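Observations on the model geometry
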Amino acid sequence: MRKSILTVIIVLAVVSLVYAQDPGVRDTCWVEKLASAPASSQVVVTVYLVNDENVGGFTVPLAFPDSVTHYDITCDSISFVDTRGATAAYKSDSTSVDNINNKLNIFALYFPPFILEPGNTPIAKIYFTTGPTWNPSLSVPIDTTTWQGSGYEFSTEGGNPFFPVFWKGALDVGDEKTSTKPKVYSLSQNYPNPFNPITILRFGLPRDSWVKLEVYNVLGQKVKTLVNENLTAGMQEKEWDGTDENGFEVASGIYFYKIQAESFSDIKKMVLLK
Ligand SMILES: [Ca+2]
């Protein structure tokens, strides 16, 4: 116990020796908070750097939400175009993005005659792509981390590192307002019903799914497979023209149409009346 306290004290002492005081007002970097980001779309997150004296370099390692299990998001690139980061001599590139561990590092080093002059405007832009299973109703912050031995720090014009303050951003928060995607799986009643010989079967997919839509007769025998493929999220519809698998017209009577989409399953009745 005593040893660990001693270690902490020594580490703090070393850090305070190495790291200079942030001159003037405390500098900071913050990540923009977005209002909404639909699934399967490109998302641009602007990163701001606020400094009240010349900065010679900075490194901002960021962590973003898991791309596999819950959030389905990929970082495509870091861009310095049209930002204060554009004049840096040495800066992050594609090797600064790690989509396996969901980390990226925004860094830059300025060489004379360029320097990062005092300002509070964008320093870089991060391009993400949300996947088909992205859930826009979740709030998912981009936070600081440590990556490849780099922590969050700035350095003065003379190259002395110091600790800035970090303000968290978020990729998205709130409901998706622009999309017409349904929230849950559904199977609607066919229209028209009764019908002769064509009817429309509608169903809703909250996300891209493998869908099987089949027609059965009252004996439980399969009459026709209408859909057996991967379909995109949204309201979908399929026509049934009253024929079987071989293209022959079926007799008047009661039929059932059954949907299976991921773990969702439902069945409804329809009447063909000639
Ligand atoms: Ca400062």
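Comments concerning the overall build of the protein
For the protein, the count of helices and strands is 1 helix and 20 strands. In the protein, which comprises 274 residues, the share counted as buried stands at 27%.

Some details on the pairing of strand 1 (residues 28-31)
Side-chain alternation along strand 1 places C29 and V31 on a buried face and T28 and W30 on a face that remains uncovered. Relative to strand 2 (residues 42-50), strand 1 runs antiparallel, the two sharing 4 bridges. If you follow C29 over to strand 2, its bridge partner there is L49.

Notes on the nonpolar core
V47, I106, I126 and L171 are the most contacted members of the largest nonpolar core, which totals 47 residues. Each of domain 1 (24-170) and domain 2 (186-272) gives at least three residues to this core. Ignoring any residue separated from it by four or fewer positions in sequence, one finds I106 in contact with V47, V60, L62, I78, S92 and A124.

Some points on the environment of E262
Its location among the elements puts E262 in the loop between strand 19 (253-261) and strand 20 (264-272). As for E262 and L205, which are separated by 57 residues in sequence, their C-alpha atoms are 9.9 Å apart.

Here's the deal with the sheet that holds strand 19
Strand order in the open sheet formed by 4 strands is 17-16-19-20, and the pairing between neighbours is antiparallel. Edge strands, defined here as strands with exactly one partner in the open sheet, are strand 17 (222-231) and strand 20. If you compare each strand with its neighbour and ignore which way they point, the axes differ by 15° on average. One ladder, built from 8 bridges, connects strand 16 (residues 209-217) with strand 17; its direction is antiparallel. Its bridge partner being in strand 17, Y216 is matched across the sheet by K222.

Notes on the environment of P182
The residue P182 is located in the loop between strand 13 (169-170) and strand 14 (186-187) in this model. Each C-alpha atom, one on P182 and one on R207, is 8.5 Å from the other, the two residues being 25 residues apart in sequence.

Regarding the sheet that holds strand 8 (residues 122-130)
Reading across from one edge, 4-8-2-1-12 is the order of the 5 strands in this open sheet, with mixed pairing throughout. Only two strands of the sheet have a single neighbouring strand rather than two, namely strand 4 (73-79) and strand 12 (165-167). Here the strands of the sheet are splayed against their neighbours by 20° on average, with no regard to which way each runs.

Considering unusual backbone geometry
Following P112, the chain continues to P113 via a peptide bond in cis, the omega torsion being 10°. Relative to the elements of secondary structure, P113 occurs in the loop between strand 7 (103-109) and strand 8. The amide bond that connects Y191 to the next residue, P192, takes the cis arrangement and shows omega of -10°. Relative to the helices and strands, P192 resides in the loop between strand 14 and strand 15 (199-205). Of note, S40 is a non-glycine position whose phi angle comes to about 50°, a positive value. Relative to the assigned elements, S40 resides in the loop between strand 1 and strand 2. At D82, a residue that is not glycine, the phi angle is positive and equals roughly 60°. Among the secondary structure elements, D82 is positioned in the loop between strand 4 and strand 5 (90-91).

With respect to the confidence of the model for the protein
Any segment with low pLDDT has predicted coordinates that should not be analysed in fine detail. Put simply, the protein has an average pLDDT of 85, and 86% of its residues get 70 or more. Under a pLDDT of 50 for its full length, residues 173-179 has, in the predicted model, 13 contacts with residues more than four places off or in other chains.

Looking at the pairing of strand 2
Sheet topology note: the strand 2/strand 8 ladder contains 7 bridges and is antiparallel. Bridge pairing in strand 8 links V45 to I126.

With respect to the environment of V184
Inspection of the secondary structure assignment puts V184 in the loop between strand 13 and strand 14. For V184, a count of 8 C-beta atoms within 10 Å puts it in the exposed group. Put simply, V184 and G204 are 20 residues apart on the chain and 7.2 Å apart in space, counted from C-alpha to C-alpha.

What counts and how
Residues numbered from 1 in each chain as written. Predicted model: local features only at pLDDT ≥ 70, side-chain atom pairs only at ≥ 80, totals over all residues. Helix = DSSP H or I, 4+ residues; strand = E, 2+ residues; numbered from the N terminus. Buried ≥ 20, exposed ≤ 12 C-beta atoms within 10 Å, placed from the backbone. Pairing = 2+ DSSP bridges. Core = buried A, V, L, I, M, F, W, Y, C linked by C-beta atoms within 7 Å. Domains from an automatic or database assignment. Contact = placed C-beta atoms within 7 Å. Axes fitted to C-alpha atoms, helices over the stretch in contact; angles between N-to-C directions. pLDDT = per-residue confidence, 0-100.

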